[in-house]
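Notes for the structure review
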Amino acid sequence: MQLPIAVLVSGSGSNLQAIIDAAAADPSFGARIVTVISDRPDIRGLDRATAVGIPTRVVPWGEAPDRVAFTNAVCDAAEEAGATALVLAGFMRVLSKEAVDRFPNRILNIHPALIPSFPGAHGVREALEHGVKVTGVTVHFVDEHVDHGPIIAQTAVPVLAGDTEESLHARIQVEEHQLYPRVVKAFANGRLSVNGRTVIWEGETL
Ligand code: GAR
């Protein structure tokens, strides 16, 4: 039985593509993308889904009266497609607490920094501006606070002399595309559980 997941995107969808490719290549991946949901139309992430026959839904941020209504509309769209877990892959809207109530410990997020450093929408830029020598990628469960839930896995990425936001983000994305499919696979195969802020792995960690 494969875990039916909804992948949420707002842009290019390169992490979505990494998950699509991993699922296609690995019979034991354990998850099936039943829908891709976006907060805006006309983005590459939706085209990537359509190209491989995955149904898509757009829940326009601008049309929702408030964050709670937006969140419930996203959760409704996921449930209508049969999803029992949400995978946020470059989804740039903050979901309200209602999402966590409806999918407790069943929402994953990827962030382009080492949480708790540099949460928010500009994690790469702020790490660079701060002058850190190491940043990276975090995959975590979503809780009611932004970029805060229990950490599942992290990969460090060195900041190099002369890095721009674009060059650093490109190297971070190489690591994202390795890490996120592996975490989704572990989650889908029931290898992750949460005790307070601690994520417990059954079997080997990554
Ligand atoms: C990724 O680097 C992801 O970590 C970041 O957006 C990018 C989306 O790329 N997410 C955040 O900054 C969330 N705060 P993609 O659309 O090509 O997967």
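Read on for an overview of the structure. (Residues numbered from 1 in each chain as written. Predicted model: local features only at pLDDT ≥ 70, side-chain atom pairs only at ≥ 80, totals over all residues. Heavy atoms only, no water.)

Another aspect to go through is the packing of aromatic side chains. By the definition in use, this model includes 3 aromatic pairs. With centroids separated by 4.9 Å and ring planes inclined at 80°, the aromatic side chains of Trp-61 and Phe-70 adopt a geometry described as edge-to-face. Trp-61 sits in the partly exposed class, given a relative accessible area of 26%. Between the aromatic rings of Phe-70 and Phe-91, the centroid separation amounts to 6.3 Å while the plane-to-plane angle is 5°, which identifies the pairing as stacked. Within this pair, whereas Phe-70 is found in helix α3 (residues 67–80), its partner Phe-91 is found in the loop between β4 (85–88) and α4 (97–102), the two being separated by 21 residues in sequence. (Phe/Tyr/Trp six-rings, centres within 6.5 Å; stacked < 30°, edge-to-face > 60°. Buried < 20%, exposed > 50% of the residue type's maximum accessible area, 1.4 Å probe, protein only. Helix = DSSP H or I, 4+ residues; strand = E, 2+ residues; numbered from the N terminus.)

Our focus in this paragraph is the site of the ligand. Neighbouring the ligand are 13 residues; Gly-13, Ser-14, Asn-15, His-169 and Glu-176 lie closest to it. Residue Ser-14 places a side-chain N or O atom 2.5 Å away from an oxygen atom belonging to the ligand. Between Glu-176 and the ligand, the recorded distance is 2.4 Å, taken from a side-chain N or O atom to an oxygen atom. Expressed as a share of its isolated accessible area of 450 Å², the protein-covered part of the ligand is 91%. With respect to the pocket detection grid, the ligand is positioned in the largest pocket. Counting only elements with at least two residues in the shell around the ligand, the list comes to α1 (14–25), β5 (107–111) and α6 (165–188). Per element, the largest residue contribution to the shell around the ligand is 3 residues, and it comes from α6. Looking at side-chain class alone, the shell around the ligand contains 3 nonpolar, 9 polar and 1 charged residues. (Near = heavy atom within 4 Å. Polar contact = N/O pair within 3.5 Å; in protein donor to acceptor, adjacent residues only side chain to side chain. Areas by Shrake-Rupley, 256 points an atom, 1.4 Å probe, with all protein chains shown as cover. 1 Å grid on protein atoms, 1.4 Å probe; cavity = no way out; pocket = protein on both sides within 12 Å on 5 of 7 lines; lining within 4 Å. Sits in = over half its atoms within 2 Å of the grid points. Nonpolar A, V, L, I, M, F, W, Y, C, P; charged D, E, K, R; others polar.)

With that out of the way, let us pick up the pattern of salt bridges. For side chains bearing opposite charge, pairing can occur when the charged atoms are close. On inspection of all chains with the given rule, the structure shows 8 salt bridges. Arg-102 serves as the salt-bridge partner of Asp-76, at 2.7 Å between the closest nitrogen and oxygen. Of this pair, Asp-76 sits in helix α3 while Arg-102 sits in helix α4, and the two are 26 residues apart along the sequence. Overall, the relative accessible area of 33% leaves Asp-76 in the partly exposed class. With a shortest N-O distance of 2.8 Å, Arg-171 and Asp-163 are connected by a salt bridge. (Salt bridge = Lys/Arg side-chain N within 4 Å of Asp/Glu carboxyl O.)

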